[in-house]
Amino acid sequence: MAPQADHVVFLDEEAQHHFESRVASLAPAARTWSAAQARDALREESAWRQLAHGLRELDALAPNANRPLSKVLPHIAALLGDAGEGGTQLPTRMFEPEDVASELRRLARWALRRGKFPALRSIIAMGEEILARSGGSRIESDAFAALTAHAELVEGSRSAEEPVVTLVSAVLEHADSALRAEDLDEASELGAIALGLLFHQQLHTAREHTPLVTETETYLEPLRSSYLGQCLAGALTRGTDTSPSPETAPEVGPAGDAMRVAILPGAYPNHAKPMIQALVSEPGVQASVITLDRGQFGGMMIDTPILRHCLEHAIHGTSSVDLRLDPDIVEIVRTADVVVADWADKGAAWASTVVRPDARMVVRVHSVDVLSAPAHLLDWSRVDDIVFVSEHIRDLFRSVLGHRVSHATHHVVTNIVPPENFPDPLLPDASRTLGIVGWAQVVKDPLFALDVLERLIAVDPSWRLRLIGADFGDHHAAWARAYADEFRRRALSSPLVDHIDYSGFTRRLPDQLRHVGFILNTSLRESCPVGTLEGTAAGAFPVVRDWPAFAPLDGARRMFPADVVVSTPEEAAELVLRLSQENRAEAAREVRQRMSSHFSDDDTRGRLLSIIVSPPSAPSRGPRDERLP
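Nothing here was measured: the structure is a model prediction, and the numbers come from that model.

A few points about the pattern of salt bridges
Working step 1: Applying the stated rule across the entire model yields 40 salt bridges.
Working step 2: Here Arg308 ties to Glu312 by a salt bridge, and the two come within 2.6 Å at their closest N and O atoms. One end of the pair is Arg308 and the other is Glu312, both in helix α16 (residues 304-316) and 4 residues apart, which spans about a single turn.
Working step 3: Note that Asp546 is salt-bridged to Arg557, the shortest N-O span being 3.0 Å. Residue Asp546 is found in the loop between β13 (541-545) and α25 (555-559), and its partner Arg557 is found in helix α25; the two are separated by 11 residues along the sequence.

What to know about unusual backbone geometry
A negative phi angle is the norm for most residues apart from glycine, just as the trans form is the norm for most peptide bonds.
Working step 1: Cis geometry marks the peptide bond from Ser494 to Pro495; its omega dihedral reads 10°.
Working step 2: Along the polypeptide, Pro495 turns up in the loop between α22 (478-491) and β11 (500-504).
Working step 3: You will see that Glu182, though not glycine, has its phi angle at about 65°, which is positive.
Working step 4: Its location among the elements puts Glu182 in the loop between α8 (165-180) and α9 (184-198).

Focus on the side chain of Ser580
Working step 1: Inspection of the secondary structure assignment puts Ser580 in helix α26 (residues 569-581).
Working step 2: On the accessibility criterion, Ser580 (16% relative accessible area) is buried.
Working step 3: Separated by 2.8 Å, the side chain of Ser580 and the backbone oxygen of Leu577 make a polar contact.
Working step 4: Apart from the residues lying within four places of it in its own chain, the contact partners of Ser580 are Arg432, Trp463 and Phe518.

Structural notes on the packing of aromatic side chains
Working step 1: For the coordinates displayed, the defined rule picks out 11 aromatic pairs.
Working step 2: Here the aromatic cluster, defined as three or more aromatic residues joined through ring pairs, consists of Trp439, Phe472, Tyr483, Phe487 and Tyr502.
Working step 3: Arg180 extends its terminal NZ or CZ atom over the ring of Tyr227, reaching a point 4.6 Å from the ring centre.

Notes on the pairing of strand β9 (residues 433-437)
Working step 1: Most of β9 sits inside the fold, with 4 of its 5 residues counted as buried.
Working step 2: Looking at chain direction, β9 and strand β10 (residues 464-468) are connected through 5 bridges and run parallel. Paired with Thr433 across the bridge in β10 is Arg464.
Working step 3: Tracing the backbone out of β9, into helix α21 (residues 446-459) and back to the parallel element β10 gives a crossover that is right-handed.
Working step 4: Examined bridge by bridge, β9 and strand β12 (residues 518-521) share 2 bridges and lie parallel to one another. From the neighbouring strand, Gly435 faces β12, where its bridge partner is Ile519.

With respect to the sheet that holds β11
Strand pairing within a sheet occurs via backbone hydrogen bonds; the two strands may be parallel or antiparallel.
Working step 1: Read from one edge to the other, the open sheet built from 6 strands follows the order β11-β10-β9-β12-β13-β14, with strand pairing classed as parallel. The open sheet is flanked by β11 and β14 (565-566), the only strands paired with a single partner.
Working step 2: Bridge count between β10 and β11: 4 bridges; the pairing is parallel. From the neighbouring strand, Ile468 faces β11, where its bridge partner is Gly504.
Working step 3: Helix α24 (residues 530-538) rests against β9, β12 and β13 of the sheet, and its axis sits at about 165° to β12.

Describing the nonpolar core
Working step 1: Counting residues in hydrophobic clusters, the biggest one holds 161 residues, and the most contacted among them are Trp350, Trp380 and Phe541.
Working step 2: Here this core gets 9 residues from one element, more than from any other, and that element is α9.
Working step 3: Apart from residues lying up to four places away in sequence, Phe541 is in contact with Gly517, Phe518, Ile519, Val564, Leu575, Leu579, Arg584, Ala587, Ala588 and Val591.
Working step 4: Listed in part, the 19 residues of the second largest apolar core include Val340, Val362, Ile416 and Val613.

Some remarks on the confidence of the model for the protein chain
Working step 1: Looking at the protein chain as a whole, the pLDDT averages 85, with 84% of positions reaching at least 70.
Working step 2: In this model residues 82-92 is a low-confidence stretch, pLDDT under 50, and it forms 17 contacts with partners more than four residues away in sequence or in other chains.

Some thoughts on the pairing of strand β7 (residues 385-388)
Working step 1: The alternating pattern of β7 places Asp385 and Val387 and Ile386 and Phe388 on opposite faces, both of which are buried.
Working step 2: One ladder, built from 4 bridges, connects strand β6 (residues 360-365) with β7; its direction is parallel. Across the sheet, Arg364 pairs through a bridge with Val387, a residue of β7.
Working step 3: Bridge analysis of β7 against strand β8 (residues 409-412) gives 4 bridges, and the strand direction is parallel. Within the sheet, the bridge partner assigned to Asp385 lies in β8 and is Thr409.

Side note on the environment of Leu153
Working step 1: Note on placement: Leu153 falls in helix α7 (residues 138-155).
Working step 2: Considered as a pair, Leu153 and Trp479 are 326 residues apart in the sequence and their alpha carbons are 8.3 Å apart.
Working step 3: Setting aside residues no more than four positions away along its own chain, Leu153 makes contact with Arg158, Ser159, Ala160, Leu197, His200, Gln202, Leu203 and Trp479.

What counts and what doesn't
- Residues numbered from 1 in each chain as written.
- Predicted model: local features only at pLDDT ≥ 70, side-chain atom pairs only at ≥ 80, totals over all residues.
- Heavy atoms only, no water.
- Salt bridge = Lys/Arg side-chain N within 4 Å of Asp/Glu carboxyl O.
- Helix = DSSP H or I, 4+ residues; strand = E, 2+ residues; numbered from the N terminus.
- Buried < 20%, exposed > 50% of the residue type's maximum accessible area, 1.4 Å probe, protein only.
- Polar contact = N/O pair within 3.5 Å; in protein donor to acceptor, adjacent residues only side chain to side chain.
- Contact = heavy atoms within 4.5 Å.
- Phe/Tyr/Trp six-rings, centres within 6.5 Å; stacked < 30°, edge-to-face > 60°.
- Lys NZ or Arg CZ within 6 Å of the ring centre and 35° of its normal.
- Pairing = 2+ DSSP bridges.
- Right-handed = clockwise from strand over helix to strand, strands pointing away.
- Axes fitted to C-alpha atoms, helices over the stretch in contact; angles between N-to-C directions.
- Core = buried A, V, L, I, M, F, W, Y, C linked by side-chain atoms within 4.5 Å.
- pLDDT = per-residue confidence, 0-100.

Shown next as structure tokens:
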């Protein structure tokens, strides 16, 4: 009999008779199970082992792998059973209900990350049943409440106006306790749940209003005051204590006279293409494009491995987490002279933990970055320059990140939109055609465009709307599906159905824009709307909604002339009708001239290259004066 045994099961009455009295001395920590209980106890133990094996299998999968939850759910059901074979009641279970609840919480996070919301609901229901039987566990109860709120937001059964701060605070309190006990697995698991809810997409990125803009301090207080949040933010004051020692620092030799630049295109890589092209063609630059696993590093939802990695780095200056990265990729980033991350995402967070102490790091920030969790994982003390694609995003970012980014040099450089890509004149049908690029997203709010079109055709039935880009995809979120359904219902109704042209996805955008005389931007939020700028560069007149989410920051009017910004479909229709009766083409040329900085290589490509490849005028670490545009 092993002294360290947790359980001793007597398989028959004879064994029980001979050994029961000796258990206390031979295995003092063990609980005993009689011969009458053996069958049910072993069945429970088998279910637990199979559950643990199934969970390990799930953990071993790549983040984007699809594995049926049937691998584990039957074993959970067995562990929840009240009675054994023949209805024999176990007086005490081998495993405490909280043990199963904590495993269910991990499994729920797995289902949540992969969008398996029906399974998530089943798992949460199992967890709540366990807690009801056992008298409850505050940790699991709070975690399940936060996961339930997340599911309800996706399903549309919870209003985005309902506050989540209390739920987030409760889960972060448990994460802090685990972190102080040096249980980084538990802290990361709970922290990922809290951050997932605090930065839920439905609360920020697809709404007319976000508390990150309207009540920044109050909304972020739970994260900022938590021990977990302070550990992540504490990277700013850690100085060089966590820099690789001379023994472990990578050997960096000269690559000729070339500057080694590692580029991370980020979670949404298409936006980085013009920047990559500029760097690849720049003399004296050896550019390497880093492609990270889209399952693990794609999107903006936080996974426990990357959160644990960043916590370990923040606390200890090193990490034991296996992020399954190609060693060649790690070496390119560790030996680069400059690391450029487009998006403050999970890839940028990882890169900030491995960038060479004497190397420079540049991060370009978009609107999604400011509204998502990964920006709070970065070690901003390793970032020298932050490039914002617009002024209002810069201002919001400063408000959200605060002192963590005060040391870096801030720049505002809009996206690159070369006018030479749009050399052909507009076609005759453009004079009565509205257009939207990349329209089929809730954040683009194309229903606003239908409202505009309806008002125009009531005056003149020759008006048309050209929708450029792919249609709505499949969404697991009920609110996104409901929006797409409502758009299709409206678009197929009379009188709109005969006035809408769908171009579908295209790689020949200039050809499509030749048909567009008025380029609409109807979005709930924007940072630097490339499609609208491209339409303006092609010769269309921009009609830009005063983006509701960023209206308190006056975002639209700081990027576009005030006289092209509208608040309602009525205002948009009135502007279009007025210009269509005057000289639309001349008005479009005038607007493009007033926005000339957006179409100048010197002000876009040139400035961006200068920030990345020019040697710093000050030491690569420490405070420096901000250079404003």
